[in-house]
Amino acid sequence: MSFRAILQQYLADMRERDELDLLLPELLVAMGHTVLSRPQRGTRQAGVDCLSQIQTADGQAAYLFIVKQGDVDRKEFFASPNGIEPSVREAKTDYIRTRLPKHLDQARKHIILVSNGRIREEVIQNFASLTKAVSEQPLCDLDFWGDDKLAERIEEHLLNDALILGDGRSHLRKAIATIDGPAIAIGHMAKFFGGIVRTQPDEPAPAVKTFLKRCSAAMVGWVVFTSWCRSEDNLKPAVVTGE
C-alpha cells in the first residue's frame with residue numbers, strides 16, 4: 001500500500017472533534033502558517049473554526065477554515081444553522097467584516113472547507129455555485145481540502161524526507177503491516193522514530209524549528225499507527241510505542 005493511501009485511510013477514520021481539528025493547526029504550522037485561532041468547543045465563531053495567516057509573494061494572506069467530518073452530502077451542505085452553506089456565507093460576511101484582525105483587512109482571504117472525506121456528486125454543482133458567490137466578494141475565494149489534499153499536504157509538510165531520514169517512512173509502513181505481530185511492529189516503529197531524531201556523527205544538531213517539526217512528524221506518525229492499531233483491535237503496539 002502506498003504511503004498516500006495509508007494517510008487517506010487514517011484520515012477516513014478520524015472524528016471532527018479531538019482529531020481532525022487538532023491535526024489541522026499542526027499541519028498549518030508545518031506549512032509555514034501562523035495560527036491565530038484554533039477550533040474551540042462551545043463558542044460561536046461566525047462559521048469559522050480556525051484562522052491562520054501566511055506571508056506570500058503578494059503580501060499577507062488569511063485562511064479561514066471550516067472543519068467538517070466525513071463526506072459532504074446534501075444534508076450536511078444545507079443543514080441549518082451549522083451546515084456548510086450557512087457557515088461559508090457567515091464566514092464571508094459576519095466573520096470577515098467584524099471578526100477578522102484589522103491587519104488582515106486588505107489581505108487575500110481564502111475560505112477553506114476542510115473534511116476527511118469528499119464532496120458527493122449530488123452537491124458538486126451547489127459547491128461550485130457557492131464558490132462563485134464567494135469569489136464575487138473582493139479578495140475572497142473558496143476552496144475544498146478533502147482527504148486527498150490533506151494526505152498530500154501531510155506527506156509533503158509533516159512526513160517528508162527532510163524530517164524523516166533514511167527509510168523511516170518505509171518502517172512506518174512495515175509497522176502498520178505487522179500490527180498482528182506486536183514485537184515486529186514495535187521494532188519498526190522504534191526505527192521510524194530513530195529516523196526522525198537521529199543525526200550523523202559529523203552532522204550539526206538540528207535547529208530548534210527543525211527539531212520541533214520532527215517532533216510533530218513523530219507525533220503524526222504515531223497517531224497514524226495508533227489509528228490502524230485501533231482498526232485492528234490491537235492497541236498494545238500503540239501503547240508501547242507511545243510510551
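Residues numbered from 1 in each chain as written. Predicted model: local features only at pLDDT ≥ 70, side-chain atom pairs only at ≥ 80, totals over all residues. Heavy atoms only, no water.

A. Highlighting the overall build of the chain. Scanning the chain for helices and strands turns up 10 helices and 5 strands. With 243 residues in all, the chain has 49% of them scored as buried. Considering only contacts within the chain whose residues lie at least 6 apart along the sequence, 67% involve residues at least 24 apart. Put simply, the chain shows about 12,300 Å² of open surface, and 51% of that area lies on carbon and sulfur atoms. (Helix = DSSP H or I, 4+ residues; strand = E, 2+ residues; numbered from the N terminus. Buried < 20%, exposed > 50% of the residue type's maximum accessible area, 1.4 Å probe, protein only. Contact = heavy atoms within 4.5 Å. Areas by Shrake-Rupley, 256 points an atom, 1.4 Å probe, with all protein chains shown as cover.)

B. Spatial organisation of the pairing of strand β4 (residues 108-115). Where burial is concerned, most of β4 is hidden: 7 out of the 8 residues are buried. Two strands pair when backbone bridges link them, and strand β3 (residues 59-68) and β4 are joined in this way by 8 bridges, in the parallel orientation. Bridging from a neighbouring strand, Val 67 pairs with Val 114 of β4. Direction of pairing for β4 relative to strand β5 (residues 140-145): parallel, over a ladder of 6 bridges. By the bridge assignment for β5, Ile 111 is matched with Leu 142. Handedness of the crossover joining β4 and β5 through helix α5 (residues 124-135): right-handed. (Pairing = 2+ DSSP bridges. Right-handed = clockwise from strand over helix to strand, strands pointing away.)

C. Seen up close, the sheet that holds β5. Spatially, the 5 strands line up as an open sheet ordered β1-β2-β3-β4-β5, and their pairing is mixed. Taken across any chain shown, the strands that pair with only one partner, and hence form the sheet edges, are β1 (34-37) and β5. Strand-to-strand, the axes of this sheet are offset by a mean angle of 25 degrees, without reference to chain direction. Across the face of the sheet, α5 comes into contact with β4 and β5 while running at roughly 150 degrees to β5. In this fold helix α6 (residues 147-157) packs onto β4 and β5, with an angle of close to 85 degrees to the strand it touches most, β5. (Axes fitted to C-alpha atoms, helices over the stretch in contact; angles between N-to-C directions.)

D. Here's a closer look at the nonpolar core. Counting residues in hydrophobic clusters, the biggest one holds 44 residues, and the most contacted among them are Phe 65, Ile 154 and Phe 225. Residue contributions to this core peak at 7 residues, all from helix α9 (residues 208-231). The contacts of Phe 225, once residues within four sequence positions are left out, are Leu 172, Ala 175, Ile 176, Ile 179, Ala 185, Met 189, Pro 237, Ala 238 and Thr 241. (Core = buried A, V, L, I, M, F, W, Y, C linked by side-chain atoms within 4.5 Å.)

E. Summary view of the side chain of Ser 227. Structurally, Ser 227 is set in helix α9. Ignoring anything within four residues of it in the chain, the contact list for Ser 227 reads Tyr 10 and Asp 13.

F. Spotlight on the pattern of salt bridges. On inspection of all chains with the given rule, the structure shows 8 salt bridges. A salt bridge links Asp 71 to Arg 120; the shortest N-O distance between them is 3.3 Å. Pair noted here: Asp 71 is in the loop between β3 and α3 (74-78) and Arg 120 is in the loop between β4 and α5, with a separation of 49 residues, a long-range link. Residue Asp 71 is classed as partly exposed on the basis of its relative accessible area, which comes to 36%. With its nearest N and O atoms 3.5 Å apart, the salt bridge here joins Glu 85 to Arg 89. Placement of both Glu 85 and Arg 89 in helix α4 (residues 84-99) is noted, with a separation of 4 residues, approximately one turn of the helix. The class of Arg 89 is partly exposed, set by a relative accessible area of 36%. (Salt bridge = Lys/Arg side-chain N within 4 Å of Asp/Glu carboxyl O.)

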